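# Descriptive analysis of the structure
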Amino acid sequence: MKVSDPGFKGGDRTSIELPQSQRDIVKALYDAGKKIVFVNCSGGAMALTPESQRCDGIIQAWYAGEQGGRAIAEVLFGDVNPSGKLPVTFYKDDSQLPDFLDYTMKNRTYRFLKEEPLWPFGYGLSYTSFAKSKAKVKKSKEGCTVSLTVSNTGSRDGDEVVQVYLRNPKDTEGPVKTLRGYQRVSLKAGETKAVTISLSGDQLLWWDKDSNTMRPMQPKDYEVVVE
């Protein structure tokens with residue numbers, strides 16, 4: 001494609017930064033002392049580091065579709081308490097991503113990025129707050145179970161998405177961590193619930209470079225991370 005605008009190489013994007021004209025508008029509003037809620041409509045992750053420092057709130061709306069305007073308005077006016085979690089990693093800037101033509105996984109996605117991103121995979125805010133405690137892992141016939149308590153510590157009803165990740169500290173070339181289970185929990189203000197997430201079968205497989213196959217992990221090999 002014959003696209004010569006800044007940030008493009010033919011039909012491919014060379015930058016994940018916000019277009020400069022839009023960035024300038026946000027800065028002008030910030031410099032004028034305005035409160036800013038920024039609704040970002042994009043099909044993928046954007047580098048929004050300056051905006052995260054200048055805006056009072058940011059909604060990642062993706063390509064919202066026919067009822068998108070209504071959904072965004074319901075969140076903005078507080079009729080709906082948001083509970084979405086990012087399905088991709090949002091990087092701080094272009095420097096955190098390898099070249100587009102580099103096909104290795106090094107520093108790509110939450111599984112292989114070793115630096116701190118702007119917002120990690122699985123990140124998301126709510127109009128209330130949550131606390132997790134008493135996490136335990138037990139062996140089961142099929143694999144293991146992860147149990148914990150989740151509390152709504154804020155003043156509004158809301159949903160939290162409990163995420164269970166596994167990592168193998170011995171595998172220095174493998175993922176930093178990998179999502180293996182999750183569960184949505186609806187909690188009224190001040191309420192606490194017990195949550196149990198079971199892991200089995202494919203959820204407990206890990207890449208074994210010696211056999212060039214996915215193989216069951218041994219309990220001593222992995223750590224469980226609850227977020």
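Now for a look at the structure at hand. (Residues numbered from 1 in each chain as written. Predicted model: local features only at pLDDT ≥ 70, side-chain atom pairs only at ≥ 80, totals over all residues. Heavy atoms only, no water.)

## A word on the overall build of the chain
What counts, and what does not: Strands here are runs of E lasting at least two residues and helices are runs of H or I lasting at least four, both read from the DSSP assignment and numbered beginning at the N terminus. Think of it in three bands: with a 1.4 Å probe and only protein chains considered, a residue is buried below 20% of the maximum accessible area for its type, exposed above 50%, and partly exposed in between. Only heavy atoms matter for contacts: two residues are in contact if any of them lie within 4.5 Å across the pair. Charge counting treats Lys and Arg as positive and Asp and Glu as negative, with His and both chain ends excluded. Charged side chains are reduced to one point each, which is NZ for Lys, CZ for Arg, CG for Asp and CD for Glu.
Within the chain, the regular secondary structure consists of four helices and 12 strands. Residues classed as buried in the chain amount to 34% of the 227 residues present. Contacts in the chain between residues far apart in sequence, at least 24 positions, make up 59% of those at least 6 positions apart. Charged side chains of the chain number 32 positive and 29 negative; the gap between the two group centres comes to 5 Å.

## Details of the state of the cysteines
Note the following rule: Disulfide: a pair of cysteine sulfur atoms within 2.5 Å of each other.
Under the criterion given, the structure shown has zero disulfides. C41 supplies the cysteine sulfur nearest to C55, a cysteine that is in no disulfide, at a spacing of 14 Å. The class of C55 is buried, set by a relative accessible area of 12%.

## Topic: unusual backbone geometry
In this structure, W62 takes a positive phi of about 55° despite not being glycine. Turning to its location among the elements, W62 is positioned in the loop between β4 (57-60) and α3 (68-76). At N107, a residue that is not glycine, the phi angle is positive and equals roughly 65°.

## Observations regarding α3
This is how it is decided: Relevant arc is that of directions from the helix axis to the C-beta atoms, nothing else.
Along α3, the residues that are buried comprise G68, I72 and V75. Projection of α3 onto a plane perpendicular to its axis shows the buried side chains occupying an angular sector of 60°, all on one side. With respect to the buried face of α3, the exposed residues turned more than 90 degrees away are G69 and R70. Close packing links the buried residues of α3 with β3 (37-40) and β4. Positive phi shows up at G78, right after α3, with a value of about 80°.

## A closer look at the pattern of salt bridges
Definition in use: Counted as salt bridges are all cases of a side-chain nitrogen of Lys or Arg within 4 Å of a carboxyl oxygen of Asp or Glu.
Tallied over the full model, the rule gives 11 salt bridges. We note a salt bridge from R23 to E51, for which the minimum N-O separation is 2.9 Å. With R23 in helix α1 (residues 20-31) and E51 in helix α2 (residues 49-54), the pair connects residues that are 28 residues apart, well separated along the chain. On the accessibility criterion, R23 (11% relative accessible area) is buried. Note on E51: relative accessible area 0%, which makes it buried. Connected through salt bridges with shared partners, the residues E17, R23 and E51 form a single ionic network.

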